[in-house]
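Now for the letters of each chain:
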Number of protein chains: 2
Amino acid sequence: MATRTRNTDDALSAERIVGTAIEMLDEAGEGGLTFRALAARLRTGAGAIYWHVANKDELLSAATAQVLAGAIAAEVAEHAPEEAIRALARGVFDAIDEHPWAGTQLSRVPVQPVMLRIFERLGRQIQALGVPAADQFTWASALLNYILGVAGQNAALARAVAPGTNRPEFLGAIASEWAGLDAAEFPFIRSVAGQLPAHDDRDQFLAGIDLILAGIAAARGQ
Amino acid sequence: MATRTRNTDDALSAERIVGTAIEMLDEAGEGGLTFRALAARLRTGAGAIYWHVANKDELLSAATAQVLAGAIAAEVAEHAPEEAIRALARGVFDAIDEHPWAGTQLSRVPVQPVMLRIFERLGRQIQALGVPAADQFTWASALLNYILGVAGQNAALARAVAPGTNRPEFLGAIASEWAGLDAAEFPFIRSVAGQLPAHDDRDQFLAGIDLILAGIAAARGQ
DNA sequence: TCCCTCTCTGGAACGTTGTTCCAAACTAGC
DNA sequence: GCTAGTTTGGAACAACGTTCCAGAGAGGGA
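What counts, and where the lines are drawn
Residues numbered from 1 in each chain as written. Chains lettered and ligands numbered in written order. Predicted model: local features only at pLDDT ≥ 70, side-chain atom pairs only at ≥ 80, totals over all residues. Heavy atoms only, no water. Near = heavy atom within 4 Å. Polar contact = N/O pair within 3.5 Å; in protein donor to acceptor, adjacent residues only side chain to side chain. Helix = DSSP H or I, 4+ residues; strand = E, 2+ residues; numbered from the N terminus. UniProt positions renumbered as here; feature names shortened; annotations may be inferred. Domains from an automatic or database assignment. Contact = heavy atoms within 4.5 Å. Buried area = accessible area lost by both parts, 1.4 Å probe. Salt bridge = Lys/Arg side-chain N within 4 Å of Asp/Glu carboxyl O. 1 Å grid on protein atoms, 1.4 Å probe; cavity = no way out; pocket = protein on both sides within 12 Å on 5 of 7 lines; lining within 4 Å. Points joined across faces, edges and corners; volume = space filled by probe spheres on them. Nonpolar A, V, L, I, M, F, W, Y, C, P; charged D, E, K, R; others polar. Buried < 20%, exposed > 50% of the residue type's maximum accessible area, 1.4 Å probe, protein only.

**A few points about the protein's contact with DNA strand C**
The local shell around DNA strand C holds 20 residues, among which Arg36 and Lys56 of chain A together with Thr44, Ala48 and His52 of chain B are the closest. The sugar-phosphate backbone supplies 56% of the atoms of DNA strand C found within 4 Å of the protein. Between DNA strand C and Lys56 of chain A, the relevant distance is 2.4 Å, taken from a phosphate oxygen to a side-chain nitrogen or oxygen of the residue. Gly47 of chain B places a polar main-chain atom, nitrogen or oxygen, 3.3 Å from a base oxygen of DNA strand C. Going through the elements one at a time, helix 2 (35–41) and helix 3 (46–52) of chain A together with helix 3 (46–52) of chain B are the ones with two or more residues in the surface near DNA strand C. Broken down by element, the residue count for the surface near DNA strand C peaks at four residues, all from helix 3 of chain B.

**So, unusual backbone geometry**
In this model, Arg43 of chain A sits at a positive phi of 50 degrees, which is unusual for a non-glycine residue. By the secondary structure assignment, Arg43 of chain A is in the loop between helix 2 and helix 3.

**Quick look at the UniProt feature "domain: HTH tetR-type" (unreviewed entry) in chain A**
Here the UniProt-annotated "domain: HTH tetR-type" (unreviewed entry) positions come out as residues 11–71 of chain A. For the annotated span residues 11–71 of chain A, helix accounts for 74% and strand for 0% of the residues, and the straight-line distance between the end C-alpha atoms is 30 Å.

**Some remarks on the domain arrangement of chain A**
All names here are of chain A. Along its sequence, chain A is organised into domain 1 (9–53) and domain 2 (54–221). A separation of 28 Å is found between the C-alpha centroids of domain 1 and domain 2. With 13 residues of domain 1 in contact, the opposing surface of domain 2 contributes 17 residues. Interface of domain 1 and domain 2: buried area, both sides summed, is about 1,200 Å²; carbon and sulfur atoms make up 69% of it. Among the residues domain 1 hides against domain 2, the three largest losses belong to Ile22, Glu30 and Val53. Together they make up 42% of the total. At the junction of domain 1 with domain 2, the criterion picks out one salt bridge. For Arg159, the salt bridge is made with Glu30, and the minimal N-O distance between the two is 3.2 Å. Here domain 1 and domain 2 share five residue pairs in polar contact (both at pLDDT 80 or more) between them.

**Observations concerning empty space enclosed by the protein**
Applying the stated criterion to the full structure yields two cavities of 30 Å³ or more. Lining the largest cavity, in full, are Thr104, Ser107, Arg108 and Arg159 of chain A together with Thr104, Ser107 and Arg108 of chain B. When residues of the lining of the largest cavity are traced back to their parent elements, those giving at least two are helix 6 (100–108) of chain A together with helix 6 (100–108) of chain B. Class assignment for the residues of the lining of the largest cavity results in no nonpolar, four polar and three charged.

**Quick word on the pattern of salt bridges**
Counted by the stated rule, this structure contains 22 salt bridges over all chains. The residue Arg108 of chain A makes a salt bridge to Asp57 of chain A at a minimum N-O spacing of 3.8 Å. Here the residue Arg108 of chain A occupies a position in helix 6, and Asp57 of chain A occupies one in helix 4 (residues 56–73), the gap between them amounting to 51 residues. Overall, Asp57 of chain A belongs to the partly exposed group, its relative accessible area being 43%. Residue Asp201 of chain B is joined to Arg167 of chain B by a salt bridge in which the shortest nitrogen-to-oxygen separation is 3.1 Å. Taken together, the positions of Asp201 of chain B in helix 11 (residues 201–221) and Arg167 of chain B in helix 9 (residues 167–179) put the pair 34 residues apart, joining distant regions of the chain. The class of Asp201 of chain B is buried, set by a relative accessible area of 19%. Linked by salt bridges that have partners in common, Glu83, Arg86, Arg90 and Asp210 of chain A make up one network.

Set out below in structure tokens:
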């Protein structure tokens, strides 16, 4: 019988822990990641995990960083600044759309290393647009905050959708509620209720980015 | 000795519970509100609270709603649409600036009754701006997501500032970190590091609102 | 006045969580 | 093959949200 040795394959490491954590978060959502469940899947104890990872916040940060790595790595040098900003925003959106728990993490913690890199990319393209130095910080922050807002709402929605039901069904139910609101108090909500079930979150998100870019262009033109 | 009667003053009620919860959240932050501590301050048991409030989520929602009530109640009919949007956004910002825990709540849960009212106000002003019906939902959502993003980041920052230190000191420390980053990798962050400690969050937030409004104006003009 | 019913109370208890602790198992260098 | 250092994993701790339930208080008929 095989001797129980500590070989490289089943050895614990920060990478393996983070990778397994991402698996569990993707499968069961934010509530699905506990140190006990993680230890069970890794066939070890909770204490062993703490040797490689300081605490749950660090674990979530590392998982979020890994999931966003692709969006940061994407090369955007060849594009015009506006297109580069769109591409970057699109990358972040797609990452959090695929891993909604990462959206929670991003909107919950202050700017951390991953988001600092995104902020850097955004700012560089803002500079490339010829924005005055005094406005660069403010306008890059506006873009970042918008992205983080969408990230948080996406995650909140994913959390709210009951495990059994699917998204169109859920949005349809909300649209019905909206349509049934008081006509005098909620005329606007009622008027857009019909657009809710069919609307594309991604398109809507990118339209918001374009709106901010148009605002920058307008402010620059004067 | 006085007979232990149940008079109106010390009677438990949803209002009194929510009011006390807001007090505790303001004093000790989001971690300061537990059912045990709340029960202790109300001189009762945790079980009694559950007779008036379904669970902690509902309690936080009610607290957030109360804290945002002022921002919604403000009458804005006399202003031009753009100024009305600014006033509304300003009201929300000031509320979450004073009660950062409310920002966490807003960015953590999907649109709830309070935020639906704000969305309604935003949308009505967007309509008043003469935006085409097809764009109203998208652009009102852009404004809302931006506001929620700032709300979340404000709350995250408030949570990160160590109880002992103050805000300028904390921002100064981050600015120092930013200034010390690799020059080749973070040119933009380094260039704006100096603006971080002195910048006004509120002004920056409102500049972002103006940017979106300018974008709407530009898109409308074509 | 008594009693029954319904509302409301508050303290104990349950299950789960993040985290800490520590004895034992393993690995590597002399 | 001893020893010093690293790594493991299971037990234990403190805290949390929530549930449970015996009983106190109030009000309305008999």
